[in-house]
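Chains, contacts and geometry: an overview
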Amino acid sequence: MNKYMSLAEVSYYFLRQGGGFECGVACEAPIFKITTLNTTWHSPNPVSDGYIGINDVDKEIYVSWAGTRRVRSMIIDSMAIFT
């Protein structure tokens, strides 16, 4: 469980830092010693922060992004869910 919590935390760290390729203390979790960040994004409109990571050891690909934080985004997200 800690593995996946650490993976999710990183996208919120990008949010706090305003995007970019650094995840500071959030990337000190053991999973990031065997995970390569493939790409990151920070988009102000619509708000989206996240990354794609590749773990060759466990043969896993991680896609993680910060959750919805604006009413507009919540409406767009719900349209995708209910269509």
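What you are looking at is a predicted structure, and each value in this text was computed from that prediction instead of being measured.

Comments concerning a nonpolar patch on the surface
Taken together, the side chains of I61, V63 and W65 present a nonpolar region at the surface, about 360 Å² in accessible area. Position of W65 among the secondary structure elements: in strand β3 (residues 60–65).

Some words on the nonpolar core
Core analysis: the largest hydrophobic core is formed by 9 residues, namely L7, V10, Y13, A26, A29, I31, F32, Y51 and Y62. In terms of residue count, the dominant contributor to this core is helix α1 (residues 2–17) (3 residues).

Quick notes on the pattern of salt bridges
Side-chain pairs of opposite charge can arise where the charged atoms are in close proximity. This model, assessed by the stated rule, comprises 2 salt bridges. Measuring nitrogen to oxygen at the nearest pair gives 3.6 Å for the salt bridge that ties D58 to K3. Note that D58 is positioned in the loop between β2 (47–55) and β3 and K3 in helix α1, a separation of 55 residues in sequence. In this structure K3 comes out as partly exposed when scored by relative accessible area, which is 24%. Here K3 ties to E60 by a salt bridge, and the two come within 2.8 Å at their closest N and O atoms. Here E60 lies in strand β3 and K3 lies in helix α1, a separation of 57 residues in the sequence. In this structure E60 comes out as partly exposed when scored by relative accessible area, which is 22%. Taken together, the salt bridges that share partners define one network made up of K3, D58 and E60.

Describing the environment of W65
The class of W65 is exposed, set by a relative accessible area of 52%. Spatially, the C-alpha atom of W65 lies 9.1 Å from that of E9, the residues being 56 residues apart in sequence. W65 has contacts with S11, W41, D49 and G50, leaving out every residue within four places of it along the chain.

What counts as what
Residues numbered from 1 in each chain as written. Predicted model: local features only at pLDDT ≥ 70, side-chain atom pairs only at ≥ 80, totals over all residues. Heavy atoms only, no water. Patch = residues over 30% accessible without salt bridge, like charges linked within 9 Å, V, L, I, M, F, W, Y side chains within 5 Å. Areas by Shrake-Rupley, 256 points an atom, 1.4 Å probe, with all protein chains shown as cover. Salt bridge = Lys/Arg side-chain N within 4 Å of Asp/Glu carboxyl O. Helix = DSSP H or I, 4+ residues; strand = E, 2+ residues; numbered from the N terminus. Core = buried A, V, L, I, M, F, W, Y, C linked by side-chain atoms within 4.5 Å. Buried < 20%, exposed > 50% of the residue type's maximum accessible area, 1.4 Å probe, protein only. Contact = heavy atoms within 4.5 Å.

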